[in-house]
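Remarks on the overall topology
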Amino acid sequence: MRLPPLLAVSSVLLLSIVTVYGEESKSLYAPGDNVLELDIDNFDSMVYGSPRGYFIEFYSSWCGHCIHYKPQWVTFATKLKDWSSVVQVSVINCADEKNSPVCRAHAIDAFPTLKYFPPHSKSKDDGQKYTGDKYELPSMALDVAKFVRADYVAQRPPTWPKVEALPSTIILEQLWSAMSPSQQILVAVIEEDPFLTGFATVIGFGKNPFVEAVVMPSSHPIAQQFSGSVLPTLLIFKRDNPNAPDFVSKSEMSVFQMADKIDEYITAVADTVHQGPPPPAAVIPGAAAEDVVAAPAPTKTLVPLNFEQFKVQQLDLSSALHYMLTQEIPRKPVIDNENLAALKGWIHLLRRYVPGTAPIRRLFYRLDEWTQLQSYSITAESWIAKVAELQTDLGHPLPANASWVACKGSKPYLRGYTCGLWTLMHAVTVQAYADEKDNHGFKPVVEVLEPIHQFIYHYLSCEICAKNFHHMTEANELSLVTRPEDVILWLWRAHNNVNRRLAGDASEDPSYPKRQFPDAALCHDCIVNGVYQEGKVLEFMLRYYTDVRTDGLVPTPGYKVTEFEDGKVQKVAVKHLNPKFAIHANNVDKLEETEARLRQQQVDANPKHHWRSLDSDGYAGAASAQSADRSTFYLIWFVIVGIALAFAYLKYRQNRSKFWKTFYYYNDYKLYCCCWYP
Ligand SMILES: Cc1cc2nc3c(=O)[nH]c(=O)nc-3n(C[C@H](O)[C@H](O)[C@H](O)COP(=O)(O)OP(=O)(O)OC[C@H]3O[C@@H](n4cnc5c(N)ncnc54)[C@H](O)[C@@H]3O)c2cc1C
């Protein structure tokens, strides 16, 4: 099944795209979550030069793993909310494109990434990546306490509590007498160096008006008197009985358990201090008191199939391509080694099989030409500049902002990019099959599956998603993929495995629950007795992923169309075209080659005249780039030779008399010499 070529038309198809501008990826976090939301506008002013440290989650709101991690981070931030004068738990959403420069500057290429910034940080270089276990919240709190302690030793910030162990000379009476009258509770944590539980307690309760917290080793006289059987030991003293602890921990307690215990004491003290009536119960207007019942827990209802979700939309594909090119790939400040190899493989794959309009296919043709020439590395800046240049050259075939049609989630942070990426990958495998099914030399794993695998592994910034996919390629042997159609079925199976794993997960959009695909309502023949019939599934996939819809895409009043025949330009005209004609322009390589060759011939015939005029038509491609390079090369040489000649002439003028005298009376004068010899 060869897909219809784009007639004999090579075109600058200035497809305008109806995008929902201003639709930003909204934050996963809400004001009550105890995290400080940073963004490009406040990041530098908040984090740099601040008297407190920052512990920041760089996350992406569409990343399933980040959605999954959110409750952990909220719990952590809530546990550390009283640390905020010393270290502030924060977030920044890297899926929000406006924040991309910040995330790129901090070399964030996997989500979620946690970084600690000490107080008075000056730049991104001061941020330290957290490499501990981010799910072990108590030990992560101790790690943060360790960062804080190091900063305390280095900077002694005057507004911080004393993050140090109690000197052995201080006795209990002295502690009480140094405390203010409001401080009703004395907390002592007994443990050995590095005292992290104790320091965490000091940081957490350092600003509490009812508490004084100290840390001491087991050799301290107070510890000798009261220490329990385990370390660290928590002692809690009350002012009304200052010489004997009211509480001594008898078993191991985590830093959070200690904090909870101390909070119990604080609540009791606070209650006696502020004794007043209990807060009134919430009243619902118009409801009798007995009618007010607790809201029922939400029950899972069966969500009907939304068929709009099951359409391959060009705008989803284009948005995924846009996001991938402008956000995901340049997350790495420098692309080199295996990342560069993965990028080359992926862009080459897209050059061959990307679904889309002629300009989109040309964009990948040219991007591939350029990428393959980069031998060692590509910086994020040069990548972004190249993509922008191609977008301009080709009339912006990809949208300026991502906007979703079938991939639109019920919340701004659900679905979107990963849905578009899956759709793109399936469409690529189908296009590869359509183009190569009769090609006996075609190697489906090397030419299609491995480039997909390597791209996902190296560039899908949802770190766990990328790792899971990588494991899947190991577990479901790629060596079994031998025929072009096997690639389609391999990816279909892999995707269904992911759907199965994520069903009911926090990252699932409740309005679009995970299902095995295709549902019987989409392909009745595909399922017999509950079992997928792979032959039918293949037929369905071929139909489904070649039926690309154009919702949201409209033709602009004018398309510039250039018609070729036998490698010669026949006509250049402005037309109104239905964008549908522009999709599946799979002969674009030949068109690009023909155009490049024609340009080259013209340039060779008269370089001075032609490269400029070709360039100015707004559609100059590889040939004009090459001729521009060559002209620059000639120009540089021209300038160098000119300067050298001018210099020689000046020197000649300067020493003209000496020159001629030397010429005629050799040895009487020394050329260029500033001394006169007698
Ligand atoms: C490679 C990869 C790995 C991922 N791993 C994880 C992960 O580990 N954890 C996590 O939370 N999220 C992961 N995600 C994201 C997750 O798979 C979904 O993309 C996301 O939850 C959005 O789901 P969705 O409902 O939009 O449909 P998606 O699963 O994104 O599917 C998009 C569209 O593809 C079609 N489709 C569905 N299933 C199939 C199939 N089997 N074959 C062909 N077409 C199909 C449907 O039309 C569907 O609307 C991953 C994404 C990718 C691209």
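Residues numbered from 1 in each chain as written. Predicted model: local features only at pLDDT ≥ 70, side-chain atom pairs only at ≥ 80, totals over all residues. Heavy atoms only, no water.

Looking at an unreviewed UniProt entry, the protein carries the name Sulfhydryl oxidase, with the source organism given as Panagrellus redivivus. The annotation that UniProt attaches to the protein under Cofactor (unreviewed entry) is "FAD". Turning to the protein, the UniProt annotation filed under Sequence similarities (unreviewed entry) states: "Belongs to the quiescin-sulfhydryl oxidase (QSOX) family." (UniProt positions renumbered as here; feature names shortened; annotations may be inferred.)

Some points on the overall build of the protein
Broken down by element type, the protein carries 22 helices and 20 strands. Across the 678 residues in the protein, those meeting the buried criterion constitute 49%. Excluding contacts between residues fewer than 6 apart, the proportion of contacts in the protein whose partners are at least 24 apart in sequence is 72%. Working note: accessible area of the protein is about 33400 Å², and carbon and sulfur atoms make up 57% of it. (Helix = DSSP H or I, 4+ residues; strand = E, 2+ residues; numbered from the N terminus. Buried < 20%, exposed > 50% of the residue type's maximum accessible area, 1.4 Å probe, protein only. Contact = heavy atoms within 4.5 Å. Areas by Shrake-Rupley, 256 points an atom, 1.4 Å probe, with all protein chains shown as cover.)

A word on the pattern of salt bridges
By the definition in use, this model includes 20 salt bridges. Residue Arg331 pairs with Glu328 through a salt bridge whose shortest N-O separation is 2.7 Å. Judged by its relative accessible area of 4%, Arg331 is buried. Taking relative accessible area as the criterion, Glu328 reaches 2% and is therefore assigned buried. (Salt bridge = Lys/Arg side-chain N within 4 Å of Asp/Glu carboxyl O.)

Quick notes on a nonpolar patch on the surface
Nonpolar side chains collect at one region of the surface, where Ile636, Trp637, Ile640, Val641 and Leu645 lie side by side and expose about 500 Å² of accessible area between them. Here Val641 is to be found in helix 21 (residues 622-654). (Patch = residues over 30% accessible without salt bridge, like charges linked within 9 Å, V, L, I, M, F, W, Y side chains within 5 Å.)

Things to note about the nonpolar core
Trp73, Phe76, Leu325 and Phe364 are the most contacted members of the largest nonpolar core, which has 153 residues in total. Not counting residues within four places of it along the chain, the set of residues in contact with Phe76 comprises Phe55, Val89, Leu137, Met140, Ala141, Val144 and Phe256. By size, the runner-up hydrophobic cluster in this structure holds 16 residues, among which are Leu166, Ile222, Ala223 and Leu235. (Core = buried A, V, L, I, M, F, W, Y, C linked by side-chain atoms within 4.5 Å.)

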